[in-house]
Amino acid sequence: MNRSKAHGGWAILALAAGALAAAAPAGADWALDFPASASDLGNKIRGLHHTALIICVVIGIVVFGALGYSLVKFRKSQGAQAAKFSHSTKAEIIWTVIPVLILIGLAIPSARVLIEMEDTQSADLRIVITGYQWKWRYEYPDHGISFFSNITEESQAAAVLGAGLELHEHYLRDVDRPMVVPVGRKVKLQLTSNDVIHAWWIPELYVKRDAVPGTINETWFQAEKTGVYRGQCAELCGRGHAFMPIVVEVLEQEEFDAWVAGLTEPPAEPEAIISNASADAGSGLAGR
Amino acid sequence: MANTKTDYYVPHGSPWPAVASASMFVMALGGALWLNGSDAGRAVLFLGLAGLIVMMFGWLGTVIRENIAGLYSGQVDRSFRQGMAWFIFSEVMFFFGFFGALFYARTLAVPWLGGEGIGTGTNSVLWPGFEADWPTNGPEAVGGSFEPMGWGGLPLLNTALLLASSVTITIAHHALKNSNRLRLNLFTLATVVLGVAFLYFQVVEYVHAYQDLNLRLSTGIYGSTFFMLTGFHGAHVTLGAIMLIVTWLRIARGHFTPNEHFGFQAVAWYWHFVDVVWVCLFIFVYVL
Amino acid sequence: MSETTQAREHHDGPHATGIRRWLTTTNHKDIGTLYLVFSLVMFLVGGTMALIIRSELFQPGLQLVDPHFFNQMTTMHALVMIFGALMPAFVGLANWQIPLMVGAPDMALPRMNNWSFWILPPAFLLLLATLFMPGGAPAGGWTLYPPLILQTGDAFPLVVFSLHLLGASSILGAINIIVTITNMRAPGMGFMKMPLFVWTWLITAYLLIGAMPVLAGAITMLLTDRYFGTSFFLAAGGGDPVMFQHIFWFFGHPEVYILILPAFGIISQVIPTFARKPLFGYTSMVVATSAIAFLSYIVWAHHMFTTGMPQAGMLFFMISTMFIAVPTGVKIFNWLATLWRGSISFETPMLFAIAFVVLFTIGGFSGLMLALVPADIEYHDTYFVVAHFHYVLVPGAIFGVIAGVYYWLPKWTGHMYDETLGKWHFWLSTIFVNVLFFPQHFLGLASMPRRIPDYSVQFTEFNMISTIGAFGFGLSQLLFVWMLIKCVKGGSRASAEVWDQPQGLEWTVPSPAPYHTFETAPRV
Ligand code: HEA
Ligand code: HEA
Ligand code: CUA
Ligand SMILES: [Cu+2]
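Parameters and conventions
- Residues numbered from 1 in each chain as written.
- Chains lettered and ligands numbered in written order.
- Predicted model: local features only at pLDDT ≥ 70, side-chain atom pairs only at ≥ 80, totals over all residues.
- Heavy atoms only, no water.
- Helix = DSSP H or I, 4+ residues; strand = E, 2+ residues; numbered from the N terminus.
- Buried < 20%, exposed > 50% of the residue type's maximum accessible area, 1.4 Å probe, protein only.
- Contact = heavy atoms within 4.5 Å.
- Areas by Shrake-Rupley, 256 points an atom, 1.4 Å probe, with all protein chains shown as cover.
- Donors = N, O, S within 2.8 Å, 3.2 Å for Na, K, Ca; no water.
- Near = heavy atom within 4 Å.
- Polar contact = N/O pair within 3.5 Å; in protein donor to acceptor, adjacent residues only side chain to side chain.
- Salt bridge = Lys/Arg side-chain N within 4 Å of Asp/Glu carboxyl O.
- Buried area = accessible area lost by both parts, 1.4 Å probe.
- Nonpolar A, V, L, I, M, F, W, Y, C, P; charged D, E, K, R; others polar.
- Pairing = 2+ DSSP bridges.
- Tetrahedral: all angles 85-135°; square planar, octahedral: opposite > 155°, others 65-115°.
- Phe/Tyr/Trp six-rings, centres within 6.5 Å; stacked < 30°, edge-to-face > 60°.
- Lys NZ or Arg CZ within 6 Å of the ring centre and 35° of its normal.
- Patch = residues over 30% accessible without salt bridge, like charges linked within 9 Å, V, L, I, M, F, W, Y side chains within 5 Å.
- pLDDT = per-residue confidence, 0-100.

Draft legend 1. Spotlight on the overall build of chain A. Check the secondary structure of chain A and you find 5 helices and 10 strands. The buried share among the 288 residues of chain A stands at 48%. Contacts in chain A between residues far apart in sequence, at least 24 positions, make up 66% of those at least 6 positions apart. When the accessible surface of chain A is totalled, it reaches about 13,200 Å², and 59% of it is carbon and sulfur.

In structure tokens:
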């Protein structure tokens, strides 16, 4: 192996890194991990991810360690003589059984979280979410509320080639009307779509589910902290797929009640309440 | 295992594969034009088909001539047989896809639409009142009201015809092996007749479905699975019948010997394959 | 172990010349060359599309392409890479090597072999032509999910038919390979004496015959849903859009193992040669490959954990998927044990093989993480998935192909390749492929969705790094092309053995391998 040759690659890499440092805007994020969770279930999922990651890293250290050791120790250039062995039943049993045990150890906690994740029983609030090309509609059947949620015009303008937007912090993740829920309550989501498949996703709430035309998918979340949580459509749905953000505002129960009252008691903002009849704007080919 | 001295026949350059590919290209192009509503489409499609037919005569003719010239060893014969067997297996997997769709629709999709299992929300929110029964054309009754196809009458008759044809081709095969040319000729002819009769009744059944039962390709999932499965089967029977006719003509010309009759055997296998598919169809599409 | 009886009889070269030679050839070496050249061209085409994707993603905002065109690039990049670059590369290697490795005079069905190849160029002509049609190329992702894919413009039937053609080509090729392996082995070469590359290809061919026809069925249903009023994927008619995903992935998951098993085979040839030690655990390698193939048919729904499935289904698919790690691990450990107490040297094929072992394992680890349903809820459709599959596909499968090309190139051309150039190619590729794909793990974890042309600002930095890596990796491949051209044109003469006492029949014939080999079968 020619060592001086290998340096060429690193030199180019260093150059690239330099160029990057010059180009990158200030306030870099450099997030390396799942976002902090705003729900208990999310914490469990995040923990599961960490467990799996650690297991992989440990196995990786063992495997790559053994590999590196062999490559250094058994080099021909160092006069290594090749042994002749070509099997060992004992070794093969060991490296079949140990991974099986590790996997069983990993499957059990996963299954537990899975079962909890799928339990949509006894929810406090139900919201029907419908995906459209390219916006969302939120309906609170128990409160008679229903409205569309669009990307803000400011961000929407970005969907034009060469718009050259001024980029702000929530660029592409701002909507005109967020979905609103109370804190500490189990919210059951019923997802469907009007045209193609979309997926409703809030990373910090650790909830993602496809919105499939013609069927209802159910999932749930329970936010433990008030605040604004941002996500976006997670299933390719055509030209505007990158431009259908999701924002959830988690309020204290009283604030939520006030929000509901503001929408349901007359005089309500007229454009806020959209009846079911006018809801099928923008129906695509699939709606035939 | 191969013999020590290889007398495996490796043909020299052949134009036919290229002709085949070119014809397939033209067919695909024609099909696409036709589906896009171009007038030229059909003509181009048939041009490609004509190319394929010419290719078949050219290619298979070469193979038959080489065979008669005694260029093929037993090993070449084995290659042909194994090749044909695996081709038929790939066809089985093609049908498996459509049967899979049928099973999925019947045991999962339709019951879910009716509110079973994970479909409670689907039924109550989107399709209230829809009851899952098979056959169905879905909650929106796509294609209008229809009557299902019973299994008595024509389908039963067709089952008998195809099963009988499997018997006749087997008798013909035995006759071939015992050098009983007359018997071979007659029973191959009988197989052709039974196959053509099957196709005739299949057409009658389709006309009945369209005119009397309002059962169409567009009759929801039932019509889709019914016509796609029986239709692809019918297409395969047609192909098989054409191959049988060619085989019969070859028999009349004195082709095939008790030891070497790959051409005959391939067609016989193919015929058994369409027969087995039909039995599955009869059970899962008509009876159950 | 084997005696060479080279038949130098009446015909030693091709009969026809020029374009006619290539169009009508029935020679496995010619056809292998055709496949490999085609694959290289497609790799450059698909890579160019990837560079368009990466350029647009260099920074937030839309600078270069319209979102619709971006989606076309994503879709076509994947289709071209999988069906145009990777699969033909493996079939090309199979064509060249399997007859040489089992001691056969040619493939079992030589005319059909020609046909399998010549279906490809017209099929890709149709597929690539869709870029210029009204409505553009398909833009619904390579997974072709309805109803979105049904919104494709006039290109739609062409996409379906070209995939039909590609499927037909693969099936014919697979039949040929199976028949060659089962029927054409030299006397004495029992199944358990076959080189592993032959074994892995045999199993891959079974996967192809099982999976490709199902894809054909699925896209046929798409076609009839769009043009003939069927309701397979329409809930209003009693169908289900998700049903397509089940049928697609019943093909799609075996497909991803089709894309890796031959690479496993290549690595299993290369490592023993340069460790100068027999492959460790031959039998368990064969068993593990079969186990992977079997399992690959019962894990498909791990791509669909967010589609809404009964809980029992999720559990089943999670557990079956996790257990693929066991046979795959067996393979990794066997390679390690082959290296253990060997006498290792680092020629270019070996370097790529070592990088394969490391980087494929990393891709496998992320695969295992994806298999955990609750975590996949968060990973799904993010760049974490993109990172996973590029690790197994690029430094996995593509490196496997590259290792195989370096390994056998002297046998094909009769010349040694330029080792310095090879080392440069290796180091640059290995460094840049990590610069390119490692940051994508972080992007995914930080919740950047896949298949988006524009993203919010917090993803900027890692995207920039990734794009730089992409250009670095892409340009490094030009070294590969240069090395290939140089090696075909000239270079120091390669001996019949090429390497230091390699095992296998292919090393018993002269380099370059004569036009016809093993006209008299060797004894093993
Ligand atoms: C060559 C192709 C290839 C290969 C080999 C694999 C291998 C694996 N893949 Fe991957 N996969 C793809 C190509 C491939 N994949 C593609 C293309 C997609 C995306 C498709 C799309 O949506 O467009 C995808 C997506 C994908 C998903 C869906 C993600 C999502 O969309 O949400 C999942 C989920 O389970 C998954 C899992 C796995 C697993 C468990 C393996 C396993 O086989 C890996 C096994 C290997 C190891 C684990 C490492 C070595 C083992 C050891 C060292 C032993 C000890 C280890 C342990 C005990 C942990 N893959
Ligand atoms: C074998 C398969 C394979 C291979 C080899 C690659 C290789 C690469 N892939 Fe790809 N990729 C997929 C399979 C593959 N990919 C799949 C299945 C998807 C999912 C699609 C979907 O979501 O539907 C995907 C998606 C995908 C995405 C996500 C797109 C999105 O979600 O919107 C990205 C983004 O970075 C990407 C990048 C790359 C890059 C930079 C390479 C590089 O490794 C490429 C390097 C090669 C080159 C750059 C060519 C070199 C040539 C030149 C430099 C000169 C050109 C000259 C001439 C043409 C004469 N790929
Ligand atoms: Cu909606 Cu993506
Ligand atoms: Cu998979």
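Now, onward.
Draft legend 2. Structural detail: the coordination of the copper ion (ligand 4). In the first shell of the copper ion (ligand 4), the protein supplies His 253 of chain C (ND1), His 302 of chain C (NE2) and His 303 of chain C (NE2), at 1.8 to 2.1 Å from the metal. The sequence motif formed by the donor residues of the copper ion (ligand 4) is H-x48-H-H.

Draft legend 3. Expanded view of the site of ligand 1. If you check the shell around ligand 1, you find 31 residues, and the closest are Tyr 257, Asp 376, His 380, His 388 and Arg 450 of chain C. Of the chains in the model, those with residues near ligand 1 are chains A and C. A distance of 2.5 Å separates an oxygen atom of ligand 1 from a polar side-chain atom of Tyr 257 of chain C. Contact distances for ligand 1 include 3.3 Å between an oxygen atom and a backbone N or O atom of Ala 371 of chain C. Counting residues per element, the ones that place at least two in the shell around ligand 1 are helix H7 (241-258), helix H11 (325-339), helix H12 (348-371) and helix H14 (383-413) of chain C. By residue number, the principal contributor to the shell around ligand 1 is H12 of chain C, which donates 7 residues.

Draft legend 4. Highlighting the pattern of salt bridges. Residue and element names in this part refer to chain A. Using the criterion set out here, one finds 14 salt bridges over all chains in the structure. Lys 44 is paired through a salt bridge with Glu 116; the nearest N and O atoms lie 3.0 Å apart. With Lys 44 in helix H2 (residues 40-73) and Glu 116 in helix H3 (residues 89-117), this pair connects stretches of sequence that are 72 residues apart. Residue classification places Lys 44 among the partly exposed residues on the basis of a relative accessible area of 39%.

Draft legend 5. Representation of the interface of chain A and chain C within the structure. On the side of chain C, 108 residues touch chain A, which itself brings 107 residues to the contact. Between chain A and chain C, roughly 9,400 Å² of surface is buried when both sides are summed, and carbon and sulfur atoms account for 73% of that area. Our count for the chain A to chain C interface comes out at 1 salt bridge. For Asp 66 of chain C, the salt bridge goes to Arg 239 of chain A, with nearest N and O atoms at 2.8 Å. Counting every contact that joins chain A to chain C gives 18 residue pairs in polar contact (both at pLDDT 80 or more). If you list the elements that add at least two residues to the side of chain A that touches chain C, you get helix H1 (3-23), H2, H3 and strand S7 (207-211) of chain A. Here the side of chain A that touches chain C is built from residues that sort into 69 nonpolar, 21 polar and 17 charged.

Draft legend 6. Representation of the pairing of strand S5 (residues 187-193) of chain A in the model. Residues and elements named next belong to chain A. Among the 7 residues that make up S5, 7 are buried, leaving the element largely enclosed by the rest of the structure. Because side chains alternate across S5, one face comprises the buried residues Val 187, Leu 189, Leu 191 and Ser 193, and the other comprises Lys 188, Gln 190 and Thr 192, equally buried. Where S5 and strand S8 (residues 217-221) come together, 5 bridges link them in antiparallel fashion. Bridge pairing in S8 places Lys 188 opposite Trp 220.

Draft legend 7. Representation of the coordination of the iron atom of ligand 2. Residues and elements named next belong to chain C. Around the iron atom of ligand 2, the protein contributes the donor atoms His 77 (NE2) and His 390 (NE2), at 2.0 Å from the metal centre. Each of the 6 donor atoms bound to the iron atom of ligand 2 contributes to angles spanning 88 to 180 degrees, and the resulting shape is octahedral. One end of the pair, His 77, is in helix H3 (residues 67-102); the other, His 390, is in helix H14, and 313 residues separate them in sequence. His 390 shares its class with His 77; the two are buried.

Draft legend 8. Expanded view of the packing of aromatic side chains. Tallied over the full model, the rule gives 87 aromatic pairs over all chains. Ring centres of Phe 38 of chain C and Phe 117 of chain C lie 5.9 Å apart, and the angle between their planes is 90 degrees; on these two criteria the pair is classed as edge-to-face. Taken together, the residues Phe 38 of chain C in helix H2 (residues 28-56) and Phe 117 of chain C in helix H4 (residues 110-129) connect sequence positions 79 residues apart. With respect to class, Phe 38 of chain C is no different from Phe 117 of chain C; both count as buried. With a centroid separation of 5.2 Å and an interplanar angle of 40 degrees, the aromatic rings of Phe 442 of chain C and Phe 462 of chain C are classed as tilted. With a gap of 20 residues between them, Phe 442 of chain C in helix H15 (residues 419-445) and Phe 462 of chain C in helix H16 (residues 460-489) connect regions that are remote in the sequence. Lying over the aromatic face of Trp 201 of chain A, Lys 208 of chain A brings its terminal NZ or CZ to 4.1 Å of the ring centre. Cation over ring: Arg 21 of chain C sits above Trp 22 of chain C, and NZ or CZ is 4.3 Å from the ring centre.

Draft legend 9. The arrangement of a nonpolar patch on the surface in detail. Residues and elements named next belong to chain B. There is a patch of nonpolar side chains on the surface, built from Trp 151, Leu 156, Leu 163, Val 279, Ile 283, Val 287 and Leu 288 and spanning about 580 Å² of accessible area. Contributing elements (two or more residues each) for the nonpolar patch: helix H5 (154-177) and helix H8 (262-287). Here the nonpolar patch gets 3 residues from one element, more than from any other, and that element is H8. Tracing the backbone through its elements, the reader meets Leu 156 in helix H5. We classify Leu 156 as partly exposed; its relative accessible area is 38%.

Draft legend 10. Structural detail: the confidence of the model for chain B. Residue and element names in this part refer to chain B. Within chain B, residue pLDDT values average 90, and 98% of them lie at 70 or more. Under a pLDDT of 50 for its full length, residues 1-5 has, in the predicted model, 16 contacts with residues more than four places off or in other chains. On the interface metric, ipTM, the complex scores 0.91, and its pTM is 0.93.

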